[in-house]
Protein chains: 2
Amino acid sequence: MSRAGSAVRSSEESGSRAKERIVAAAVELFSERGYHGTGVAEIGARAKVGRGALYHHINSKEELLFRVLSACVDEKLVTAAERTRRSPGTTEEKIGELSRALMTDIVSHRAEWTIYFHDADRLTGDYRKEIQRRRDHYEDIWLDVLAEGKATGEVRDIDPVIVKGILGMHNYSYMWMSSDGRLSAEQVSDVYCELIVRGLIEGR
Amino acid sequence: MSRAGSAVRSSEESGSRAKERIVAAAVELFSERGYHGTGVAEIGARAKVGRGALYHHINSKEELLFRVLSACVDEKLVTAAERTRRSPGTTEEKIGELSRALMTDIVSHRAEWTIYFHDADRLTGDYRKEIQRRRDHYEDIWLDVLAEGKATGEVRDIDPVIVKGILGMHNYSYMWMSSDGRLSAEQVSDVYCELIVRGLIEGR
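Residues numbered from 1 in each chain as written. Chains lettered and ligands numbered in written order. Predicted model: local features only at pLDDT ≥ 70, side-chain atom pairs only at ≥ 80, totals over all residues.

1. Digging into the overall build of chain A
- A count of helical and extended segments in chain A gives 10 helices and zero strands.
- Listed by position from the N terminus, the elements making up chain A come as α-α-α-α-α-α-α-α-α-α.
- Across its three principal directions, the C-alpha atoms of chain A cover 65 × 45 × 40 Å.
- Residues counted as buried form 36% of the 204 residues belonging to chain A.
- When contacts within chain A are restricted to residue pairs at least 6 apart in sequence, long-range pairs at least 24 apart make up 74% of them. (Helix = DSSP H or I, 4+ residues; strand = E, 2+ residues; numbered from the N terminus. Buried ≥ 20, exposed ≤ 12 C-beta atoms within 10 Å, placed from the backbone. Contact = placed C-beta atoms within 7 Å.)

Given below as C-alpha cells:
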C-alpha cells in the first residue's frame, strides 16, 4: 500500500473512532440527563472532541438522538425477526426465538432502550418517521407470526392487541433487568414464553 | 357562618384552585417537554400564577414532579389492590380485578404515566424513596395474589419474575392506548387476562 493510501486510511479510521466516541458520549448523557437536559457542548466535552470536529461529524443534536435510537430497533433485530418468521419452525418455536432475540437486545442495549422510552417522541419529521417505520415493521412481524399460526390452527383466536401486551412484557424489562441480575435475559424470556405459549397455543 | 370564617374559606378555596392549576400545568409541560426541558417560570405562566404565588404553593420543581407522579401510584390504586387481594374471590377473579383497575388508571392518567416512565428517575432522596415504596407495595400485592393462588393449587409453578412481565404488559399501554381507541381499557384488560389466566391458572 502507498504511503498516501495508508495516510487516508488512518485519517478515516480516526474519524470513525471520533464519531463512535461522540455517539457513545450521547448515549451516556441522554440516558443520565435526558435529551432536553443535555447540551451539544457537553457531548463534545464527554467525547473529548472539539467543537469543529463535533460539527464535522454530526449535523444536530436531533441527528445524534436518531443515531442512538437506531441502535434499538436496528436492522439486525428486524432482519433476524424476518428470518424467524420465514423459518419452517412451529409458531411456538418462532415465539421463543423472537422473544429471546428481543430480550437479549434490550439487556445489551439497555441505555439506548432507556433513551428510546424516555425521549423517542422528541424526534421530528423524517427521523421520527424512520424510527416509527422500523418499530411498525418489527411489530408487524409478530402480528404475522401469530396470524400465520392462527391460519394453521396452532394459535387460538385472540385479539391482535395481544401483540402490544407481549411487546410490553419484554420492553418493560429495560427498567429493571440488569446483566448481572438473578436471571439472564434468556431465562426471563423462557419464563415469559411459558405464559405466552400456554396462553396462545392450542393444546398447551 | 361569620364573615371572617367565610373570607378564610374563600381564600383557602382559591389557594387550592391555584395549586390545582399549577399541578395541571406541570402535567402538561412535563409530558410535552420532559422534566429537564421545563422551567418553573413556564409552569407559572401556563398556570397563570405569579412568581410569588407559585413559590407560595410549591417548594421546588422536584416537589412538583413528586406531586404529579403521586397521581400514578396513588393511594386509591394501592388501596383497591389491597382490597382485591383480601377479597374471598378466586385467583382468576383477583387477576381480572387488578388488571382492570390498573389499565383504567393508566388510560385516565396517561399524561402522568408518561411522565412516570420518562422522568421518575429524576427524583432524588425521600421523594424517590416514597414513589419506589408505593411501586414496590403495589408489585408485592400482585406477587402475594400469585403466591396465595399457588398455595391453594390454583396457580401453577412459575418464576415470580412473571409479575414484572404482567406489569409490563399493562404499563406499556401508556405509549399507545387512547381513550377513543378501537378497544376500551376494560376490553384490552380482558384480552390480556385471557392470556394471563390461561398461562397461569391450572386447568385453564
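2. Structural notes on helix α2 (residues 40-47) of chain A
Residues and elements named next belong to chain A.
- Considered for burial, the residues of α2 that qualify are I43, G44 and A47. Along the axis of α2, the buried positions cluster into a sector of 100 degrees, meaning they face one direction only.
- K48, located one to two residues past α2, shows a positive phi value of around 55 degrees. (Arc of directions from axis to C-beta.)

3. Let's talk about helix α4 (residues 61-70) of chain A
- Looking only at α4(A), the buried set comprises A:L64, A:L65, A:V68 and A:L69. Buried residues in α4(A), looked at end-on, bunch into an arc of 135 degrees, giving them a common side.

4. Topic: the interface of chain A and chain B
- Taken residue by residue, the interface counts 29 residues in chain A and 29 residues in chain B.
- Sorting the residues of the side of chain A that touches chain B by element identifies α7 (110-119), α9 (162-171) and α10 (185-200) of chain A as the ones contributing at least two each.
- No other element matches the nine residues that α10(A) contributes to the side of chain A that touches chain B.
- Among the residues making up the side of chain A that touches chain B, the classes are represented as 15 nonpolar, nine polar and five charged. (Nonpolar A, V, L, I, M, F, W, Y, C, P; charged D, E, K, R; others polar.)

5. Structural notes on the relation of the copies chain A and chain B
- Once chain A has been moved 0.0 Å along the axis and rotated by 180 degrees, it coincides with chain B to within an RMSD of 0.0 Å. Between the two chains, the operation in question is that of a two-fold axis.
- With an isologous cut-off of 70% or more, the 100% of interface residues of chain A that recur at the interface of chain B puts this contact in the isologous class. (Least-squares fit on C-alpha atoms with pLDDT ≥ 70 in both.)

6. Let's talk about the packing of helix α8 (residues 125-151) of chain A against α9(A)
All names here are of chain A.
- Two numbers describe how α8 lies on α9: the axes approach to 10 Å, and their chain directions differ by 120 degrees. Considering their axes alone, α8 and α9 lie oblique with respect to each other. As for the relative orientation of α8 and α9, their crossing is right-handed in sense. From α8, E139, W142, L143 and L146 reach across to α9, where they touch V163, I166 and L167.
- Of the residues that constitute the contact of α8 with α9, the class distribution is six nonpolar, no polar and one charged. (Axes fitted to C-alpha atoms, helices over the stretch in contact; angles between N-to-C directions. Parallel < 35°, antiparallel > 145°, perpendicular 65-115°, else oblique. Left-handed = near helix turned anticlockwise from the far one by under 90°.)

7. Here's the deal with the confidence of the model for chain A
All names here are of chain A.
- For chain A, the mean per-residue pLDDT works out to 89, and 93% of the residues sit at or above 70.
- The spread of mean pLDDT over the elements of chain A runs between helix α1 (residues 3-33), the lowest at 74, and α9, the highest at 97.
- A low-confidence stretch, residues 1-10 stays under pLDDT 50, and its non-local contacts, those more than four residues away or across chains, total one contact.
- For this predicted complex, the interface confidence score (ipTM) comes to 0.87, while the overall pTM stands at 0.88. (pLDDT = per-residue confidence, 0-100.)

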